[in-house]
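What follows is the residue order along each chain.
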Amino acid sequence: MVSKTDETCPAAAEDTGEGGERGCDIKREAAHSSGMPLVNGDSGHSHTEAEDHNEKGEGETRADDGNDQEVIVIQDTGFTVKMHAPGIEPFDLQVSPQEMVQEIHQVLMDREDTCHRTCFSLQLEGNVLDNFSELKSIEGLQEGSNLKVVEEPYTVREARIHVRHIRDLLKSLDPSDSYNGVDCNSLSFLSTFTEGDLGENGKRKRKGSELEQIDCTPPEHILPGSKERPLLILQPQTKDAKPLQCLKVLTMSGWNPPPGNRKMHGDLMYLYVVTAEDRHVSITASTRGFYTNQSTTYSFNPKPANPSFLSHSLVELLSQISPTFKKNFAALQKKRVQRHPFERIATPFQVYSWTAPAVEHAMDCVRAEDAYTSRLGYEEHIPGQTRDWNEELQTTRELPRKNLPDRLLRERAIFKVHSDFAAAATRGAMAVIDGNVMAINPGEETKMQMFIWNNIFFSLGFDVRDHYKDLGGDNAAYVAPTNDLNGVRAYNAVDVEGLYTLGTVVVDYRGYRVTAQSIIPGILEREQEQSVIYGSIDFGKTVVSHPKYLELLEKTARPLKIQKHNVLNDKSEEVELCSSVECKGIIGNDSRHYILDLLRTFPPDLNFLPVEGEELPEECTNMGFPKEHRHRLSCLRQELIEAFVEHRYIVFMKLAALQLMQQKANKQEKECPAVTENGGSSPADGNATESSKALSEDGKAEGTLCGLDQTTNLAESIASEDETVDPKSKEVILNACKAVGSISSTSFDIRFNPDIFSPGVRFHDNSCDEVEKQKQLLKDAAAFLISCQIPSLIKDCVDHTVLPMDGATLAEAIHQRGINIRYMAKIVEYVSKSQARQQLDHIHKLGITELITRSAKHIFKTYLQGVELSGLSAAISHFLNCFLSSFPNPIAHLPTDELVSKKKRNKRKARHLGNVDNTAWASTTPQELWKNISNETKSYFNFTIECESVDQAVERYGLQKISLLREICVKSGIQILLKEYNFDSRHRPTFTEEDILNIFPVVKHVNPKASDAFHFFQSGQSKVQQGFLKEGCELINEALNLFNNVYGAMHVEICACLRLLARLNYIMGDNNEALNNQQKAVLMSERALGVDHPNTIQEYMHLALYCFANGQLSTALKLLYRSRYLLILVYGEDHPEMALLDSNIGLVLHGVMEYDLSLRFLESALTINGKYHGTKSLKVAMSHHLVARVYDSKAEFRSALQHEKDGYTIYKNQFGENHEKTKESSEYLKYLTQQAVALQRTMNEIYKNGSNASILPLKFTAPIMSSVLEQLNVINGILFIPLSQKELENLKAEVHRRQALHDTFCIAEQENSAEGTGTESDHGKSQAIVETSTAQASA
């Protein structure tokens, strides 16, 4: 269910933002997002009201959507126009009335036969069409109209655009931009495995006669138990990796710009070309087109050559000069057009690859020009004109948002500006660290310098003016920007009109942290003291406030759970604030109200903030908290605040319900002892949790349900200040409010004061009581993290509702539950002590890997700061050798001065940001580095790593070096050469400086959301979850449209949408459509998340299933092998997801009669399932059955019998004798026994009578494809349920009943459902569509 209230918590929208539940299948997606965001505030907003509100909200959206629906209808009624372009036959083009004329331009520039034209106009009956008008507004344009492409004269700008476009066409198949991480290009390898045979044109490999031709043998390293971890296969180099060469050189001539007299002849610029035949040509770009001139390298002669081949397009000219160009260009364009569009379009944010092959550096005029002119957005054709980022960011926020079309336009504009800003900020930050930008305070020490480039302000993450002296110095200065970014993200999500935040991007590059911010108009002309009219610039000594800011911030207080409070300033006067003191309010010259420095938006984390005289709750002290951290800026995450408030709300409702019930009972007994005694309503001292426990043990479910209804009604009437409310009932609510620490005595409203425990902030003595309550609330929140959130994370990991595969997905799962990474050691300890330690082995390994690689990253950061640019690759390779190589004493090669100057060296050394000694890094040894790593894990995470070298770590914790390498590269932005590395050689180091190709920035920024699309997506998910597949499908399709509207075609959320859509298509029997959608999802995951991201691994698996269903067996196998390879590389073999993968591979191999291979995979799956689900689980029973089937096909009946018996025993114990599963298994056992007996008889006959034996033919069961597919569906959690309308109705009623129960007894369920969750196999899978087991809902 999706709540459309205004106070929808931003966290809800963020859930899927950072990749939320993308790694899950439909069940988990449905289960996760069904958790309704809780409204904090008047308890009048209880669930029922939110539901009404929700229905209303959806209605409204639908109404707004009316015009969207029309748009779709109109698009369907598109019309065809005839295009007449010079030099080719007229052709038909399908257009839609909504399109702009400009979009036809784009289509023509992309079409194979017209792609070489850029400078033309479109004319209808002699009238030139305006580029920016919609087709429906053009008079006389209709079905069958003739549109003429008319060549226009060039200007310098048009000529530049033309040359750039031609260069892009020539480079269109060249992957070097993707490897170098420029222009939002990224890699995708799907087409190398499918060989383009998916979807409609993929009917080649069909069942039947062609089966025998499929080569199914997996490569060695894919087989279970293989120790090889090759790296080269990560980026398979295809046969045509070297694109066709059309020209040797195309560059700007040294004769540019044309002299005055030539300008007056129409010369715009000169180009220099070397053709593939080695002919050197000079070309003039003039207003009329391109022609060859008589200039050479050393003499300027602009007269036309003879013949001059004047052509309007450069391609036409080059085709006349060079036959090779003509042939290769045509072939290149043919290939370009055949590629899937998703392989070509840009991603919204840059994705960097941690490996790359050795790419030749080719000459490229446009790249060279871009590097020298400061290219900023898409206006590179007008150098010198920079964008006013702040104005753009704020103007897009001011766009109207009354109805759906308006909101879509607004969100699209916000998203576009944000992604452009992030790209520009990243580029600027790199330029700053590389020393290419002049500081605005060049006289000061290097660390204190600040920079402005392209209207963006850059500062370094150092504590320059002792600003953070009391908070942890440089460590605090390093963490403040990310805290600030989280604050910006939160305020942006609340989206209050009239309150503005700065565009903020945090970039880590070469060991430095750079914060990039948009600039408030006028801020640079004034002193900070004059401009700040709200907040404090000295951490609370002087504090000012402003009524307008209070009014604006009060609107954010409820969703962000911030309490309005008074602090004392230096004159001991009270000042009212509605944020932390550091939050500053500045009115810009544009009269907008800006807030900045939002680093304390969320309250402090007391577990990492020891305060004298304050005692933490027992849960915390038992775990060794509070612990001194490096800085005093540790905050709780927004997700934790949301979860804590939601938890308190449930407690509040239960307390009130319990008291009402008791009142009722007492009335009946005519004795009314004081309510408070039973209510457990002493002030908030942790009793809240105890009373909730007492309550959850109380078995009166139904009674409490009606008690809750009463509470709800009561809370509503009190909130509306109804006079008729009985004083006793008021007291009930009052007691419940008091017990949970609500700031209001008439309704549930929990808020935090972010300034509690801030050094330097003082409160008035009168508010002493208030402050104590707030302190208690913070202690409770810290205890909640330890006692509820970490155990619930561990429980979800045991149930496998959370399946992280690498550091990033583990961090994401932890963050979703509001737990900070600094608790990683505690999570690992929890896992070690857990009873289900074996089932959590993968979490333990991932946790240790994270602790080691994050500590190594901290050390690497300071290590890099001491390295000068010329020694960078040597320093990085030396660090990696010390970190990962078994070679005992790697020697760092100091950069030899290849160019030793004859003159004496200049005394004055260049100034560096880091230490003075630039060679200290060279003396690092592996022993020293590992000692530092274990010290770092101890001091930062409080975890003891007992190993002195990488080999000990690998041995002790079962890690693999290739995964450690991937983690450190991804976290630190290192790009290494794609080749096989020998980590274990003791004779030579693993890495040389040639292996380090590049160092990339690691960028953090705000992810603007498509809120309407997200609501549709959530509604679709919950519809699917309730079993309304058709409605769900429609909603998801609608969401897909809206996502495309806001994000463009490529985005991770669209990827999640496509995956769900494919799954629904498949369930509803449309295999081809499923294949199409899933192919898009895979491409998008590869492009937007990375080719080896865990999400990509899962997308490959889904695609393999749909390929198999479409009869493309060899493709299905290739995709499964790719998936297995990636999982081995990213994590290793011993992972719960590997069991599913191996079952899939084993089943497909069984289907193509590769029995021995199939057994290797299925037995591997059996082992892994046994380890992670327990030997008595249904998953293991299923694995036994699959293995038995293969043995049956091999006629090894004894082994088959043994496995099927094991499976039968499990079913019998779990379900009893009469369950259909047990019966099926029993039938199969009978059949196997008969077969075994028949075989034995035959054998005896042969022994007895020798060659004269009369042999009865034995029945060998070759697998039938449909049965293999059926098993595949079962293990992948898909079951087709034929339901009648009546059954559907009953199902709906059941869903609603369970939902109500779940809302009331959430806590009780968490305790009771621990047994019931792990047992989902093909029985539990019948919920693939109707997932409502309360256990999963409680996730």
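Details of the structure are given in the entry above.
Here the residue index of a chain counts from 1 through its sequence in written order. For this predicted model, a pLDDT threshold of at least 70 governs which residues receive local features, and a threshold of 80 or more governs which side-chain atom pairs are given and counted, while totals over whole chains, interfaces and linings are taken from all residues. Calculated side-chain values reflect all of the structure's heavy atoms, with hydrogen atoms and water omitted.

Helix and strand counts for the protein stand at 46 helices and 23 strands. Three labels apply to residues, based on accessible area from a 1.4 Å probe with only protein chains included: buried if under 20% of the type maximum, exposed if over 50%, partly exposed otherwise in between. Split into buried and exposed, the 1339 residues of the protein put 57% on the buried side. For the protein, contacts bridging at least 24 residues in sequence account for 72% of all contacts bridging at least 6. In short, Shrake-Rupley with a 1.4 Å probe defines the accessible areas, and a residue's cover is counted only from the protein chains shown. Counting only carbon and sulfur atoms, one obtains 51% of the accessible surface of the protein, whose full area is about 57200 Å². Each helix corresponds to a stretch of at least 4 residues labelled H or I by DSSP, and each strand to a stretch of at least 2 residues labelled E; elements are numbered beginning at the N terminus. Contacts are residue-level and defined by heavy atoms, with any inter-residue pair within 4.5 Å sufficient.

It is worth spelling out the packing of aromatic side chains at this point. Geometry of aromatic contacts follows a simple scheme: Phe, Tyr and Trp rings, the Trp one being its six-membered ring, pair when their centres are within 6.5 Å, and the pair is stacked under 30 degrees between planes, edge-to-face over 60, tilted otherwise. Tallying each qualifying case throughout the model produces 33 aromatic pairs. A ring pair is formed by phenylalanine 193 and tyrosine 1100, whose centres lie 6.2 Å apart and whose planes are at 85°; its orientation type is edge-to-face. With phenylalanine 193 in helix 7 (residues 190-194) and tyrosine 1100 in helix 36 (residues 1094-1109), this pair connects stretches of sequence that are 907 residues apart. Of the two residues, phenylalanine 193 and tyrosine 1100, neither departs from the other in class, the shared state being buried. Measuring from centroid to centroid gives 4.9 Å for tyrosine 981 and phenylalanine 991, while their planes differ by 35°, and the two rings are tilted. Linking tyrosine 981 in the loop between strand 21 (974-977) and strand 22 (996-999) with phenylalanine 991 in the loop between strand 21 and strand 22, this pair joins segments that are 10 residues apart in sequence.

Nonpolar side chains collect at one region of the surface, where Met1243, Ile1246 and Tyr1247 lie side by side and expose about 310 Å² of accessible area between them. Among the structural elements, tyrosine 1247 can be located in helix 42 (residues 1220-1249). To count toward a patch, a residue needs a relative accessible area above 30% and no salt bridge. Like charges then connect within 9 Å, nonpolar side chains (Val, Leu, Ile, Met, Phe, Trp, Tyr) within 5 Å. The term salt bridge refers to a pairing of a side-chain nitrogen on Lys or Arg with a carboxyl oxygen on Asp or Glu at a separation within 4 Å.

Mapped onto the elements of the fold, glutamate 850 is located in helix 27 (residues 841-865). Dropping the residues within four chain positions of it, glutamate 850 is found in contact with Gly807, Leu810, Met824, Ser855, Glu967 and Lys971.

This next bit is on helix 32 (residues 1011-1025). Helix length check: helix 32, at 15 residues, gives a terminal C-alpha distance of 21 Å against a target of 21 Å (1.5 Å per residue), a fit within 8%. Just past helix 32, the residue glycine 1027 takes up positive phi, approximately 95°. A helix is expected to reach a length of 1.5 Å times the quantity of its residues less one.

The next subject is the packing of helix 28 (residues 872-884) against helix 31 (residues 961-972). Axes here mean lines fitted to C-alpha atoms, for a helix over just the part in contact, with angles spanning 0 to 180 degrees between N-to-C directions. Relative to each other, helix 28 and helix 31 sit at 140°, their axes nearing to 11 Å. Considering the angle they form, helix 28 stands oblique to helix 31. Crossing hand, helix 28 versus helix 31: right-handed. Here Leu880, Phe883 and Leu884 of helix 28 lie close against helix 31, whose contacting residues are Lys961, Leu964, Leu965 and Ile968. We call Asp, Glu, Lys and Arg charged. Ala, Val, Leu, Ile, Met, Phe, Trp, Tyr, Cys and Pro are nonpolar, and the rest, Gly among them, are polar. Taken together, the residues of the contact of helix 28 with helix 31 sort by class into six nonpolar, no polar and one charged. An angle below 35 degrees is treated as roughly parallel, one above 145 as roughly antiparallel, one from 65 to 115 as roughly perpendicular, and anything else as oblique. The hand of a helix crossing depends on one turn: near helix anticlockwise from the far one by less than a right angle means left-handed, and clockwise means right-handed.

This paragraph deals with the packing of helix 32 against helix 34 (residues 1052-1067). Direction vectors running N to C along helix 32 and helix 34 enclose 30°, while the axes themselves pass 12 Å from each other. The angle between helix 32 and helix 34 falls in the class roughly parallel. For the crossing formed where helix 32 meets helix 34, the hand is left-handed. From helix 32, Phe1017, Gln1021 and Val1024 reach across to helix 34, where they touch Ala1056, Cys1057, Leu1060 and Leu1064. Residues of the contact of helix 32 with helix 34, tallied by class, amount to six nonpolar, one polar and no charged.

Right, let's talk about the sheet that holds strand 13 (residues 499-500) for a bit. The strands that make up a sheet pair up through hydrogen bonds in the backbone, lying either parallel or antiparallel. Judged by pairing direction, the sheet is mixed, and its four strands sit side by side in the order 13-20-19-16 without closing on themselves. Looking at which strands have only one partner, the edges of the open sheet turn out to be strand 13 and strand 16 (532-534). Pairing of strand 13 with strand 20 (residues 593-596) involves two bridges; the strand directions are parallel. Bridging across to strand 20, tyrosine 500 finds its partner in tyrosine 594. Between any two strands, at least two bridges found by DSSP are needed for them to pair.

Moving on to the sheet that holds strand 14 (residues 504-509). Judged by pairing direction, the sheet is antiparallel, and its five strands sit side by side in the order 11-12-15-14-23 without closing on themselves. Two strands lie at the open edges of the sheet, namely strand 11 (450-453) and strand 23 (1002-1005), each paired on one side alone. Sheet twist, expressed as the mean angle between neighbouring strand axes with direction ignored, is 20°. Where strand 14 meets strand 15 (residues 512-518), six bridges bridge the pair, whose relative direction is antiparallel. By the bridge assignment for strand 15, threonine 504 is matched with glutamine 517. With respect to the sheet, helix 15 (residues 473-494) is in contact with strand 14, strand 15 and strand 23, its orientation differing from that of strand 14 by roughly 150°.

Now for the side chain of serine 536. Within the secondary structure, serine 536 is located in the loop between strand 16 and helix 17 (547-560). Polar contacts here mean pairs of N or O atoms no more than 3.5 Å apart (in protein, one a potential hydrogen donor and the other a potential acceptor; neighbouring residues in sequence count only if both atoms are side-chain atoms). Here the side chain of serine 536 touches threonine 542 through a polar contact of 2.9 Å, landing on its backbone oxygen. Ignoring anything within four residues of it in the chain, the contact list for serine 536 reads Lys541, Thr542, Val543, Val581, Glu582, Cys583 and Lys584.

What the rule picks out here adds up to 69 salt bridges. We note a salt bridge from lysine 779 to glutamate 614, for which the minimum N-O separation is 2.8 Å. Here lysine 779, found in helix 24 (residues 768-799), pairs with glutamate 614, found in the loop between strand 20 and helix 18 (618-622); they are 165 residues apart in sequence, far enough to count as distant. Judged by relative accessible area, which is 10%, lysine 779 ranks as buried. Residue glutamate 614 is classed as partly exposed on the basis of its relative accessible area, which comes to 22%. With a closest N to O distance of 2.6 Å, aspartate 1142 and arginine 1124 form a salt bridge. Residue aspartate 1142 is located in helix 38 (residues 1136-1151), and its partner arginine 1124 is located in helix 37 (residues 1113-1130); the two are separated by 18 residues in the primary sequence. Through salt bridges with shared partners, a single network forms among Asp806, Glu850, Arg854, Arg966, Glu967, Lys971 and Asp1092.

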